[in-house]
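These are the residues of each chain, in order.
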Amino acid sequence: MSHTLAEHQPGFVPTADPSVKIAVKGLDFYYGDFQALTDITCDIKDNSVTAFIGPSGCGKSTFLRCFNRMNDLIIGTKVEGLITLDGQDIYAPGVDPVDLRRRIGMIFQQPNPFPMSIYDNVAYGPRLHGMKKKAELDEVVETSLKRANLWKEVKDILGRGGLTLSGGQQQRLCIARVLAVQPDVLLMDEPCSAIDPTSVQKIEDLMAELKSSVTIIIVTHNMQQAARVSDETAFFLQEVMGEPAMLVEFGRTADIFTSPKDKRTEDYITGRFG
Amino acid sequence: MRENFRKELKDLKRDVLDIGRSIVDVTRLSVKALVDGDVDLAEQVIAGDDDLDQRCLAIEEHSLEVIATQFPVARDLRLLHSLGYISMHFERMGDLGVNIAKAARRTASRRGPQTLYDLIQAQGNLVHRVLEAMLEALEKNDLELARKLQDLDEPIDHLFKQFFRELARLQEEEDIEWASSMVLASRYLERIADHAVDIGDRITYMVTGQFEAPAEEEEA
């Protein structure tokens, strides 16, 4: 746990459960006048995979982007309520969003390697944070590519452009690039929607391996994927068009997919609507 | 949404209910064959078993196929899994019915004390009642009725014990093979009802998603 420092900082909010990595309490989110999310409260457990599911437009990606303050980049957005990372309010004054985004990395639907070599893609973050020695960078690049299960495929072509790789490899390169700065949390916004099934399998395997060291949150439209990869599942729903979306049910993935408690969850996952 | 899938689930459940009705028939006819000493009827029940087994196997195969191809979850998954499970019970209940028919075949050549036939008939009627209630609970997803099956089963167990006591009163000259066939038939009837009670527990799970602790089984 990395509570030690944070406990002495302003904005520290103690949580009762030390296994909670991210705690969300009474979160409302607005795009200008439009309220997109209402009163969301949930705990994301450390070293686990949490899946966000729900129909299009239910706010799950919006919610995901609250965790690394990506929504700050959109003019007119507003967050109310509380999100803590290791007990620290991430919206407290003085929190550096850039540092936050190092601790909470993000993977997008479309792989987006930088137009530079495989090596430089992975070394980009560490260099930005001041790492200069080649031996150190070499080690970070190798370790990160190994953690992303890409090392064997690219170890002899590190100088080649990242964009020359296949889609699935590019996505794993992006994961390696995020891992290089040693994040605590990995946000994945439909990471497998644009890649082939074999690569999907590799990324799903990777998630299972990574969760021992990184807390993972994945937004996915693929319910089978949510069932396969996640420990906990959150179901979001915008019941009425124009009204804010809400968190309908949150629980163990095995429970959600065998015995959901809420009829709306049941109707959605069994394909009765959505 | 998912119209074909819904239809497949509906068809599967209908087929399972049909098999259940055949089980009711097998049980009723085998008891009748036993009580009336009707060998032809017993043979008819025995001959029908292969077909029943095939139908049960087809349910299991079909529900596995749907699970593999349609990725059912929640109540759909519970329904499919339970239908496969229930068809396995039906297959065993059918076998028990056949065993009663075989007992009928073995005992038909001689006539024992009427009390014992009356007891078997009474037991058969009670089992019939449990089976009908079980099928209705399955058809209507009726939780209350599913939970009642355990109570309906109790007098059947008592009758089995009474059957034992009556046998003890038999005179020595009674045919031992005849007597043991009759007591086995009574035992098979009691087992058929136990399967129905297990199916009731499964219906409860199917509807609620919760496994309820099974009631303590009384040793016969």
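Residues numbered from 1 in each chain as written. Chains lettered and ligands numbered in written order. Predicted model: local features only at pLDDT ≥ 70, side-chain atom pairs only at ≥ 80, totals over all residues. Heavy atoms only, no water.

> Describe the overall build of chain A, with residues and values.
Within chain A, the regular secondary structure consists of 11 helices and 10 strands. A compact globule built from 274 residues should have a C-alpha radius of gyration of about 19 Å, and chain A, at 19 Å, falls within 12% of that. Once the C-alpha set of chain A is aligned to its principal axes, its extents read approximately 55 × 45 × 35 Å. Here chain A holds 274 residues, and 53% of them are scored as buried. Long-range pairs, those at least 24 residues apart, make up 68% of the contacts in chain A with a sequence separation of at least 6. Just so you have it, chain A exposes about 12,200 Å², and 54% of that area is on carbon and sulfur atoms. Seen as two clouds, the 29 positive and the 36 negative side-chain charges of chain A have centres 6 Å apart. (Helix = DSSP H or I, 4+ residues; strand = E, 2+ residues; numbered from the N terminus. Rg over C-alpha atoms; globule rule 2.2 N^0.38 Å. Buried < 20%, exposed > 50% of the residue type's maximum accessible area, 1.4 Å probe, protein only. Contact = heavy atoms within 4.5 Å. Areas by Shrake-Rupley, 256 points an atom, 1.4 Å probe, with all protein chains shown as cover. Lys, Arg positive; Asp, Glu negative; His and termini not counted. Charge placed at Lys NZ, Arg CZ, Asp CG, Glu CD.)

> Can you break down the overall build of chain B residue by residue, with the values?
The number of helices and strands found in chain B is seven helices and zero strands. N-terminal to C-terminal, the α/β element order of chain B is α-α-α-α-α-α-α. Against the globule reference of 17 Å for 220 residues, chain B gives a C-alpha radius of gyration of 19 Å, in line with a compact fold. Its C-alpha atoms give chain B principal-axis dimensions of roughly 70 × 35 × 20 Å. Counting only residues that meet the buried cut, chain B has 48% of its 220 residues in that class. Taking all contacts inside chain B whose residues are at least 6 apart in sequence as the whole, residues at least 24 apart take part in 85%. As presented, chain B carries roughly 11,000 Å² of accessible surface, and 49% of it is formed by carbon and sulfur atoms.

> Describe the environment of Ser180 of chain B, and please don't skip the residues or the numbers.
Checked against the element boundaries, Ser180 of chain B lands in helix α7 (residues 176–208). Since its relative accessible area comes to 33%, Ser180 of chain B is described here as partly exposed.

> Outline the sheet that holds strand β6 (residues 104–107) of chain A, supporting the account with residue identities and numerical values.
Residues and elements named next belong to chain A. Spatially, six strands are ordered β6-β7-β8-β3-β9-β10 in an open sheet, and the strand pairing comes out mixed. Edge strands, defined here as strands with exactly one partner in the open sheet, are β6 and β10 (246–252). Across the sheet, the mean angle separating the axes of adjacent strands is 15 degrees when strand polarity is ignored. With five bridges connecting them, strand β7 (residues 185–189) and strand β8 (residues 215–219) associate as parallel partners. (Pairing = 2+ DSSP bridges. Axes fitted to C-alpha atoms, helices over the stretch in contact; angles between N-to-C directions.)

> So what about the interface of chain A and chain B? Which residues, and what values?
Contacts between chain A and chain B engage 13 residues on the former and 11 residues on the latter. Buried surface at the junction of chain A and chain B, both sides included, amounts to about 1,100 Å², of which 47% is carbon and sulfur. Across the chain A-chain B interface, the total number found is three salt bridges. Between Glu266 of chain A and Arg75 of chain B there is a salt bridge, and its shortest N-O distance comes to 3.2 Å. Remark: the boundary between chain A and chain B carries seven residue pairs in polar contact (both at pLDDT 80 or more). Listed by contribution, the elements that provide at least two residues to the side of chain A that touches chain B are α10 (253–258) and α11 (263–269) of chain A. Considering every element that reaches the side of chain A that touches chain B, the biggest residue donor is α11 of chain A, with three residues. A class-by-class count of the residues in the side of chain A that touches chain B yields four nonpolar, six polar and three charged. (Buried area = accessible area lost by both parts, 1.4 Å probe. Salt bridge = Lys/Arg side-chain N within 4 Å of Asp/Glu carboxyl O. Polar contact = N/O pair within 3.5 Å; in protein donor to acceptor, adjacent residues only side chain to side chain. Nonpolar A, V, L, I, M, F, W, Y, C, P; charged D, E, K, R; others polar.)

> Just give me the short version of the state of the cysteines, but keep the residues and values in it.
Residue and element names in this part refer to chain A. Taken as a whole and assessed by the stated rule, the structure comprises zero disulfides over all chains. For Cys58, which is in no disulfide, the shortest distance to another cysteine sulfur is to Cys66 and amounts to 13 Å. When its relative accessible area of 2% is taken as the criterion, Cys58 is described as buried. (Disulfide = S-S within 2.5 Å.)

> Describe in detail the side chain of Ser82 of chain B, supporting the description with residues and values.
All names here are of chain B. Relative to the helices and strands, Ser82 resides in helix α4 (residues 74–107). Taking the relative accessible area as the measure of exposure, Ser82 reaches 0% and is therefore buried. Setting aside anything within four residues of it in sequence, one finds Ser82 in contact with Arg202, Tyr205 and Met206.

> Give a detailed account of the packing of helix α6 (residues 143–168) of chain B against α7 of chain B, specifying residues and quantitative values.
Residues and elements named next belong to chain B. Between α6 and α7, the least distance of the axes is 9 Å, while the angle of their chain directions is 165 degrees. Relative to α7, the element α6 is oriented roughly antiparallel. Of the two elements, α6 crosses α7, and the hand of that crossing is left-handed. The residue makeup of the contact of α6 with α7, split by class, is 16 nonpolar, five polar and six charged. (Parallel < 35°, antiparallel > 145°, perpendicular 65-115°, else oblique. Left-handed = near helix turned anticlockwise from the far one by under 90°.)

> Can you tell me about the pairing of strand β4 (residues 77–85) of chain A, naming the residues and giving the values?
Residue and element names in this part refer to chain A. Here strand β1 (residues 20–31) pairs with β4 via eight bridges, running antiparallel. Bridging across to β4, Tyr30 finds its partner in Lys78. The pairing of β4 with strand β5 (residues 88–89) spans two bridges and is classified as antiparallel. Paired with Thr84 across the strands is Asp89, a residue of β5. Connecting β4 to the antiparallel partner β5 that follows it, the hairpin turn spans two residues, and Asp86 within it adopts a positive phi of roughly 50 degrees.

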